[in-house]
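Summary of the model geometry
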Amino acid sequence: MSEQVTQQVTILLNGEPRSCLSQIPLPELLQQLGFNPRLVAVEYNGEILHRQFWTDTKIQSGDRLEIVTIVGGG
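Residues numbered from 1 in each chain as written. Predicted model: local features only at pLDDT ≥ 70, side-chain atom pairs only at ≥ 80, totals over all residues. Heavy atoms only, no water.

The two faces of strand β1 (residues 8-13) differ: V9, I11 and L13 on one face are buried, but Q8, T10 and L12 on the other face are not. Looking at chain direction, β1 and strand β2 (residues 16-21) are connected through 6 bridges and run antiparallel. Across the sheet, T10 pairs through a bridge with S19, a residue of β2. Taking the residues between adjacent antiparallel strands as the criterion, β1 and β2 are bridged by 2 residues, where N14 takes a positive phi near 50°. Two strands pair when backbone bridges link them, and β1 and strand β5 (residues 64-69) are joined in this way by 2 bridges, in the parallel orientation. (Buried < 20%, exposed > 50% of the residue type's maximum accessible area, 1.4 Å probe, protein only. Helix = DSSP H or I, 4+ residues; strand = E, 2+ residues; numbered from the N terminus. Pairing = 2+ DSSP bridges.)

So, about the sheet that holds β2. Within the open sheet, the 5 strands sit side by side as β2-β1-β5-β3-β4. Their pairing is mixed. Because the sheet does not close on itself, it has two edges, and the strands there are β2 and β4 (47-48). Pairing geometry for strand β3 (residues 40-44) and β4, over 2 bridges, is antiparallel. Looking across to β4, one finds that Y44 is bridged to E47.

In total, this model carries 0 aromatic pairs according to the counting rule given. Across the ring face of W54, the terminal group of R51 is positioned such that the distance to the ring centre comes to 4.5 Å. (Phe/Tyr/Trp six-rings, centres within 6.5 Å; stacked < 30°, edge-to-face > 60°. Lys NZ or Arg CZ within 6 Å of the ring centre and 35° of its normal.)

Okay, the side chain of T57 next. Tracing the backbone shows T57 in the loop between β4 and β5. With relative accessibility at 9%, the residue T57 sits in the buried group. In this structure T57 touches I24, P25, L26, Y44 and L49, once residues within four positions along its chain are discounted. (Contact = heavy atoms within 4.5 Å.)

These values are about where atoms sit, not about what they do.
What follows is the structure, given as structure tokens:
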């Protein structure tokens, strides 16, 4: 039986260093962080990341994420 070794990496999340699993898919990371994926916009390494690319985006060491929550109001 082989064990898969999960490696922790450091990313920059909204300007703060955070640890997460290497190669974790972006939607899974958002969920772990408590964000509702339908209510956020994500900037990935300096560029707005369109939702259609989220599942293909695997987090790597040194990635910079800015996550903005969409708030309704009136």
